[in-house]
Every structure is written in C-alpha cells, then in structure tokens.
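Fold and contact review
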Amino acid sequence: MNNTKITLRQLETHLFKAADILRGKMDASEYKEYIFGMLFLKRASDVFEVRRAELRERFKAQGFTHKQINELLEDPNLYGDTFFVPERSRWQNILNLKEDVGNQLNKALAAVEEANPELDGVLKHINFNAIKGKTRLKDQQLIDLIHHFNKYRLTNEDFEFPDLLGAAYEYLLKQFADSAGKKAGEFYTPTQVKKLMVGVVKPQEGMTVYDPTVGSGGFLIESRHYIEEHGQNPRNLALYGQELNGLTWSICKMNMILHDIPDAHIENEDTLTTPQFQENGYIKHFDRVLANPPFSQNYTRANMQFPERFRYGFTPETGKKGDLMFLQHMIVSLKDKGIMATVMPHGVLFRGGHEKVIREGIVKDDLIEAIIGLSSKLFYNVGIPACVVVINKDKPKNLKNKILFINADREYGEGRNQNYLRPEDIEKIVTVFDKKQEILKYSRFIDIKEIEENDFNLNIRRYVDNSPDPEIEDVHAHLVCGVPKREVELYKEQFQKFNISSDLLLKNKDEKYLEFKDDVEEKGRIKEIIESADNVKTTVSKHREKLREWWDEVKPEIEGFHGNDDLWGFRNRAMKRLKERLLPLGLLGEFKVSGIFVNWWEELRYDFKTIVSTGWSKNLIEDEKIKEKLFMAEIEEIEELESKVVKIEGERNELLEEVEDWDEEEQGNKTASKVKNQLKELEKKTKLKKDSLSDEEARELLLEEFYGLIDEQLNKYLNTEKKEIIKIFENLCDKYKVSLNKLTQERDEEIKKLDEFLERLRYYNG
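In this text the structure is predicted, and so the values were computed from the model without any measurement.

Overview of the overall build of the protein
Scanning the protein for helices and strands turns up 28 helices and 16 strands. Summarising the internal contacts of the protein: among those between residues at least 6 apart in sequence, 74% fall at separations of at least 24. Taken as a whole, the protein presents about 37,600 Å² of accessible surface, with 47% of it coming from carbon and sulfur.

Given below as structure tokens:
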C-alpha cells in the first residue's frame, strides 16, 4: 500500500478507474451505488483501524493484558465519533473474500449499519448482489473492485489537505451525473448553478440551511464551501435536507459523512406530504432555503400533514403542476428574516388557473426579491430553460413593492451535451443582484403595480426583452455591392477595443457606401489580415505585459501560502488587482476579467489548499510537466521515431504484395521496439527526477505552471474577442461583397452554358 500523501488528482483518477471496472457492464446510474458503497466501507475501515491502533497503545500504557485489550477494543462505545467497524466488515477480511462476494459485502455493510445507529437505513439501499438488466456482478469483478480500492489508505492523515475525500466524492458525483444523462437530474444539480444560488443567498456562520429536495446534498455542501471560503467557521453551520428517493438519500448521507459533517440532518420522506422537520408543532423555520425541486410532478393531498402550509392555494394533483406546492412549502420554512432561492420551470411564471391564483398571492405579499432567467439545457433532466426565484421575507425599504428581473438566458457556455454557466456569467448575475443594477436588455426593476396591470404575468421577457437588434438589410447595397457606412458605424466601439478601424479592410466607394479592399479577394483573407495587424498584436502584447505585472505582484503572496490560511482574502485581493491592470486597456469588461481569474482559481484552488496544508508538494506536479521542462530532447527523439514507424508502416503496406521477402517489416518492428524502450526509459527518468526534486525546484515548477494557466486563460479570452471582430467583417463580406447584379449575371452565364450544352445534345428545340 502506498503511504505517501494522496493528491486530489490521484484520488480522482483512482475513483474513476474503479468506475472503469464496472463501466460497460451496466448503466452509470446503476453502478454508482457500488462505488459509493465500496468507498464508504474502505474509508470507515481505515479510520477505524487508526483509532483502534491508538486505543491499543493507550491500553498497553495503562497496563492491560493482551486479552483484556482485545476485549476492550471490541466495545463500540470507546470509539467516540469514529464509526465502529465489526470484525466481518474490516478491510483485511473484505480483502480475503473469494466466493459469494456480493452477499458477503452486503453482510459487511449491514453489520456496519447495525453497529452504528447514526447509519440506520443508509447502507441497506446498496445491494452488491442485485440483478441489473439480466445479470449481476460476478465474484471476480467484485474482487477486482476490492483490490483496486486497496491501493490507498483513506484517512485524513493520508491526504494532501483535510477535505480531499469530500472533494473527490463531489468529482465522482459529477462524473456519474455526466454518464447518467437525464437520470442524473434525480440526484445532481450542476455545480455552476449551485454556486450561483449560494452566491445569491449568502449563508453565514451560525445559520441554518435547508434543502427540501436535497438529492445528493450539493446545495448544503456548497453552502459549507461558501462559509469556509469567506474565512468563517464551516462547522458552525447547521445543515438540513429531505429526500424522497431512498438510494439518493443514502448517497446524500454518505456525502455528508465523507465531507466530515456527521451532524447534518438528512431525512428520507416525501416533503409535500410528510415534512420531517418540525418545531413547536409546526414546520421548522430556517435562515436559508435552497432547492432544485423535481420539475412538473404530480402530488397527492391524501394524508398530507400541515395542509395549512399552502395558504396561497393548491394546484391540481394531476397534470404535473406540483412546482408551486414546493415553492409554498419553502416560503413557510423560512424565518421572518430568511432568504431562499429555488429553481423553477418558466411555466409557473405565466400559466393561468390555480397557478395564477397562487402567483398573485405571493406577488401581493411582496415576497419576491428577484426572478433570474437562465439558459436552456443547463440541467440534466430537462432541456427547457429554467429560472431562479429569490424570496426575501425582509426586503429592504428601497426594494419594497418591486421585483428585480434578470434575463441571463443568452449568457452561457456551450458544452457537448449541455450548456453551462461560465464564471463570468455567475459573477455578472450575483453582482447585478447584489448591487441592484439595471442594465439595458439584462436587468430591470418592475413595480408590482405594473405586474398587476399585466395580470400577474411574470414572464421575464415581458419585462426584460433581450432579443438582439434587427440586422440592417440595405437593398441598394445588395444590388450594387457596397457596404453601408451606417452599418459599419454600429461596430465602431468594438473595432476600437483593438485600436483598429474599418479602413483595415474597407475603402471608400461613395458618399454612403464602402467596399472591401482589393487584397481581400476572398473571405478567408479577413482572419489573416486582422490577426497580423500591428495594432491587434500591440493590444495583445499590452495585455500580456499587464498580466506579467500582476503576476509579479501576487507571486510573493502565493509563495507564502504554506501555513497561512487566507485563501479567500488572497482571491479577493488578486482578482481586484487583475481588474486594476486589465480594465484600463478597454478591451475586456469587468465580468470577462472576472472570468479569466475565476477559471484560473477553480482549476488551482485545491492545489492552493494543498500548499496551505502541506507545503510545496512535488506530488502536485504532473509527470508531463517534468517531461516538457526537463526532457524535451528525449520527447522530440521519440516523436521522430514514431513518425518513422508510421512511414515504414505505410511503405510496407504499399510494397508488401510486390516483394514477398521484404525486410522493411523487421525494420519497422525494430524502430517500434526502440520507441517502446525509450518511452520506458523516459518514464523512469521522470520518476527519478520527480523523487529527487528539492522543495525549491518543486515550488519553481509549480509557480511556472500557475502562471502558464492564467496566461492560457487570458489568451482564450483575447482570441474570443478577436473572433468577434473577424465575425463582423465576415458577415459584411457574406452580405455585400458580391452584388445581386453580379449573381444574376453569373446565373445567366450558367443558364447560357446549359442551353448550349443541351443544343449540342439535340435536346433543345427552341
């Protein structure tokens, strides 16, 4: 077993490879419980063994006999906060399982649950013997899984920073969600949406936070992260959640335990019919409520407890309109000064009938602080756009009888299967919400009187229409091949960002029109001309210079991270300084500069946590970085040999039929063998070099990597801005470079050629 400290990347890779053992044999939404169950069993057993060893030493020092010590060590009451792991569930015994493995693992989990009342019901949902599809896992597959989990000991002392296991569990949840597709919506809300909503309600230490449809617990964990990142005590936060699905509830309980939050209150029941959190004979009240309830569900009023919760009315039990029932339950669950944010489908904002009656009541009571429109395809289980409704029971005087509408549905990043909120999108929404800003086509305050005049319709686009301005279409320009000056004038500000003007590609044609210069023979030349323009290059260089100045300023702070736990303070100072450097250049707006920084921060924050906790660990350095930095000549030689192998393979395939005894195959095999040996040698050299790195060398390599990552982010954003300029000119080219007259002339010439061709074939009778 490896005794060196484990990095987050190593543990993420380890857990993902565990999933690989099962992947392909069943769906991700089915096998996740096995990975979580095995992870929990290994963690519990490892922590138990450390505590057991400590107790053994203490009892020895107190003079107990060997027999007495062994008896004492089987008393669960002596283990305090550590889960007691019975004999059959201990990892050494799990490791020795050979047959009937699924059944033995089920018994091991049941024994752990039985020995620890706080785990009651948590592990019974995991069945290693279950039939999935038409088969169950074979003994050897489970043995492979057990032996894979044996690679690392999973105690906090083995981790590069304390909450590493919790972070890895979140990573695993995300991977399962990505694999499970629509089914993921039952247990997982995308991280960016959680960050947005927690950033809006801003939980503080000493508060209670509640999620009535808790899923795997993401909002509660994110609230804890928020507290910690703001320099407050995350342990001084009471977490509450309720979940209907038994397996999802079990995953949530394990999530809390693996994040070292044993006192989270997570219950398994239907929130609408049987709310579990009660106080003084009614619904318990919380400081903050966060939720992403299941969209468009039916519900039942049969045996419903506390129906008086729904003071604004009941939606039909059928017809999939349970959304506003969840919203009403959350409102009742808020303290008098409480704030909540919940995801809702857009339909609740404008549908009529019972939903309109409920909506009207909530609006008239002035509970809604903001409605935030999000893009479509952000969530796993629905492709439709959603919104976030923010309720504040204690709105400031200046916000009374008003609702802030934020229409952010056009601002997102595009993924392969899903869209996602970029850091700059989150930053913009939270900033506009906090500062209560009004931005054209983005955000606007609406008086409740105006909403009443619109029959309590809360459709976001009714109040903040963010449709793009209609594009200019100049008929004369289409006819005579000219670019309208009035259209080009619209883009002047964008051109000025790179200190260029339209005359880079366009020249004067007459009083009202421009035309493309002679050297723009085709659309493809536009990109080349813009990217090689001196002013564009100078603008990019200035940004790189300012970034380097920023780095020189913040680098000493990063070098002093070890033992200095003020990461959030550094984050705020460093982002402010980056804005001070880049904003005066006039190209990137505030939220885009935030995007550069936050993308960098999110990629490195766990590395930073490691440095704070254990110093400049060489384990943080990727092997590839060492190769690129120190063994470039060897890499180039291997690449050259690989090219030679490809070439020989091609030549051999061409000549194989012509020369039967050709020895080029042998030559190819020799070269391939040489590549293999050199790769092995490079891996060996890399490992030796990594092991021999001094703290100073490790620090320099890591600092170089940290700077490289933010430089990469800056380049990405600068390239996006360049692409926007290129796109403007390409669009003008598509619209106006070829006149309608010329197109007509070309068409007539083609028709003439066709006529002549048909005549020659004697098909033409004209």
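Resuming the write-up.
Side note on helix α22 (residues 567-582)
Between its first and last C-alpha atoms α22 spans 22 Å; for 16 residues at 1.5 Å apiece the expected length is 22 Å, and the two agree. In this structure, the buried residues of α22 make contact with α9 (218-229), α14 (423-435), α21 (534-559), α23 (590-614) and α27 (695-736).

Focus: the pairing of strand β3 (residues 265-268)
Relative to β3, strand β2 (residues 238-243) runs parallel, the two sharing 4 bridges. Each residue of the ladder has a partner; that of glutamine 242, found in β3, is glutamate 267. Each parallel crossover has a hand, and the one from β2 via helix α10 (residues 246-258) to β3 is right-handed.

Notes on empty space enclosed by the protein
Per the stated rule, a full pass over the model turns up 3 cavities of 30 Å³ or more. For the largest cavity, the full set of lining residues is Leu324, Leu327, Val348, Leu349, Arg359, Ile362, Ile368, Ile371, Val389 and Leu458. The set of elements that each furnish at least two residues to the lining of the largest cavity consists of α11 (323-332), α12 (347-350), α13 (354-364) and β8 (368-373). Its residues placed into classes, the lining of the largest cavity shows 9 nonpolar, no polar and 1 charged.

Some points on a nonpolar patch on the surface
A contiguous nonpolar surface patch, about 220 Å² in accessible area, is contributed by Val475, Leu479 and Val480. Mapped onto the secondary structure, valine 475 falls in helix α17 (residues 475-480).

Regarding the sheet that holds strand β15 (residues 506-508)
Taken in spatial order, the 3 strands make up an open sheet running β14-β16-β15, and their pairing is antiparallel. Of all strands in the sheet, those with a lone pairing partner are β14 (483-484) and β15, marking the two edges. Two strands pair when backbone bridges link them, and β14 and strand β16 (residues 513-516) are joined in this way by 2 bridges, in the antiparallel orientation. Among the inter-strand pairings, proline 484 is bridged to a residue of β16, identified as tyrosine 513.

Section: the pattern of salt bridges
As a working rule, side chains carrying opposite charge can pair if their charged atoms are close by. By the definition in use, this model includes 60 salt bridges. With a closest N to O distance of 2.7 Å, glutamate 557 and arginine 573 form a salt bridge. Of the two residues, glutamate 557 sits in helix α21 while arginine 573 sits in helix α22, which places them 16 residues apart along the sequence. Overall, arginine 573 belongs to the partly exposed group, its relative accessible area being 32%. It is possible to trace a salt-bridge network through shared partners that takes in Lys546, Glu549, Glu553, Glu557, Asp566, Arg573, Arg577 and Arg581.

Some details on the sheet that holds β8
Pairing is mixed across the open sheet formed by 9 strands, whose spatial order is β3-β2-β1-β6-β7-β9-β8-β10-β13. The sheet is open, and its two edges are formed by β3 and β13 (443-447), each paired on a single side. Going across the sheet, the axis of each strand differs from the next one's by a mean of 15°, ignoring polarity. Set on the sheet, α9 makes contact with β1 (208-211), β2, β3 and β6 (286-291); between it and β1 the angle comes to about 155°. Docked against the sheet, α11 engages β1, β6, β7 (334-345) and β9 (386-392), running at close to 160° with respect to β7.

Some words on the environment of alanine 177
You can see alanine 177 is positioned in helix α7 (residues 164-180). Accessibility expressed as a relative area gives 0% for alanine 177, which makes it buried. When the C-alpha positions of alanine 177 and lysine 32 are compared, they lie 9.6 Å apart, and in sequence the two are 145 residues distant.

Overview of the packing of aromatic side chains
Counted under the stated rule, the structure contains 35 aromatic pairs. Both rings, one in tryptophan 551 and one in tyrosine 707, keep their centres 5.6 Å apart while their planes meet at 50°; by these two values the pair is tilted. Of this pair, tryptophan 551 sits in helix α21 while tyrosine 707 is found in helix α27, placing the two residues 156 residues apart along the sequence. A relative accessible area of 3% places tryptophan 551 in the buried class. Here the guanidinium or amino end of lysine 194 rests over the ring plane of tyrosine 188, the centre of that ring lying 4.5 Å away.

Let's talk about the packing of α22 against α23
Two quantities define a packed helix pair, namely the angle between the helix axes and the distance between the axes. The contact between α22 and α23 brings their axes to 10 Å, and the two run at 150°. Every pair of crossing elements has a handedness; the one defined by α22 and α23 is right-handed. Of the residues in α23, those touching α22 at Leu567, Phe570, Arg571, Ala574, Met575, Leu578, Lys579 and Leu582 are Glu590, Val593, Ser594, Ile596, Phe597, Val598, Trp600, Trp601, Phe608, Lys609 and Val612. For the contact of α22 with α23, a count of residues per class yields 14 nonpolar, 1 polar and 4 charged.

A look at helix α5 (residues 101-115)
Taking 1.5 Å per residue as the helical rise, α5 with its 15 residues ought to reach 21 Å, and the 21 Å between its terminal C-alpha atoms agrees with that figure. Three or more residues of α5 are buried, namely Val101, Gly102, Leu105, Asn106, Ala108, Leu109, Ala111, Val112 and Glu113.

So, the side chain of glutamine 232
Locating glutamine 232 in the fold gives a position in the loop between α9 and β2. A distance of 2.8 Å separates polar atoms of two side chains, one belonging to glutamine 232 and the other to glutamine 204. In this structure glutamine 232 touches Gln204, Glu205 and Ile227, once residues within four positions along its chain are discounted.

Concerning unusual backbone geometry
The backbone phi angle of lysine 202 is positive, close to 50°, even though this residue is not glycine. Classification of lysine 202 by relative accessible area gives partly exposed; the value is 23%. Phi at lysine 436 is positive, roughly 50°, even though this residue is not glycine. Within the fold, lysine 436 resides in the loop between α14 and β13.

Section: the environment of isoleucine 283
Structurally, isoleucine 283 can be placed in strand β5 (residues 282-283). Counting along the chain gives 50 residues from isoleucine 283 to serine 333, while the straight-line C-alpha distance between them is 6.3 Å. Those residues in contact with isoleucine 283 that sit more than four places away from it in its chain are Pro275, Phe277, Gln278, Phe306, Arg309, His329, Val332 and Ser333.

Some points on the side chain of glutamate 160
Here glutamate 160 shows up in the loop between α6 (139-149) and α7. Summary of buried charges: glutamate 160 has no salt-bridge partner, and the nearest side chain of opposite charge, lysine 5, is 6.5 Å away. Once you skip the residues sitting within four places of it in the chain, glutamate 160 turns out to touch Lys5, Ile6, Thr7, Thr610, Ser613, Thr614, Ser617 and Asn619.

Considerations on the packing of helix α1 (residues 8-22) against α7
Direction vectors running N to C along α1 and α7 enclose 40°, while the axes themselves pass 9 Å from each other. Accordingly, the angle class assigned to the pair α1 and α7 is oblique. In this structure, α1 crosses over α7, and the sense of that crossing is right-handed. Residues Leu8, Leu11, Glu12, Leu15, Phe16 and Ala19 of α1 form the contact with α7, whose own contacting residues are Leu164, Leu165, Ala167, Ala168, Tyr171, Leu172, Gln175 and Phe176.

Thresholds applied
- Residues numbered from 1 in each chain as written.
- Predicted model: local features only at pLDDT ≥ 70, side-chain atom pairs only at ≥ 80, totals over all residues.
- Heavy atoms only, no water.
- Helix = DSSP H or I, 4+ residues; strand = E, 2+ residues; numbered from the N terminus.
- Contact = heavy atoms within 4.5 Å.
- Areas by Shrake-Rupley, 256 points an atom, 1.4 Å probe, with all protein chains shown as cover.
- Expected span 1.5 Å × (residues − 1).
- Pairing = 2+ DSSP bridges.
- Right-handed = clockwise from strand over helix to strand, strands pointing away.
- 1 Å grid on protein atoms, 1.4 Å probe; cavity = no way out; pocket = protein on both sides within 12 Å on 5 of 7 lines; lining within 4 Å.
- Points joined across faces, edges and corners; volume = space filled by probe spheres on them.
- Nonpolar A, V, L, I, M, F, W, Y, C, P; charged D, E, K, R; others polar.
- Patch = residues over 30% accessible without salt bridge, like charges linked within 9 Å, V, L, I, M, F, W, Y side chains within 5 Å.
- Salt bridge = Lys/Arg side-chain N within 4 Å of Asp/Glu carboxyl O.
- Buried < 20%, exposed > 50% of the residue type's maximum accessible area, 1.4 Å probe, protein only.
- Axes fitted to C-alpha atoms, helices over the stretch in contact; angles between N-to-C directions.
- Phe/Tyr/Trp six-rings, centres within 6.5 Å; stacked < 30°, edge-to-face > 60°.
- Lys NZ or Arg CZ within 6 Å of the ring centre and 35° of its normal.
- Left-handed = near helix turned anticlockwise from the far one by under 90°.
- Polar contact = N/O pair within 3.5 Å; in protein donor to acceptor, adjacent residues only side chain to side chain.
- Lys, Arg positive; Asp, Glu negative; His and termini not counted.
- Parallel < 35°, antiparallel > 145°, perpendicular 65-115°, else oblique.

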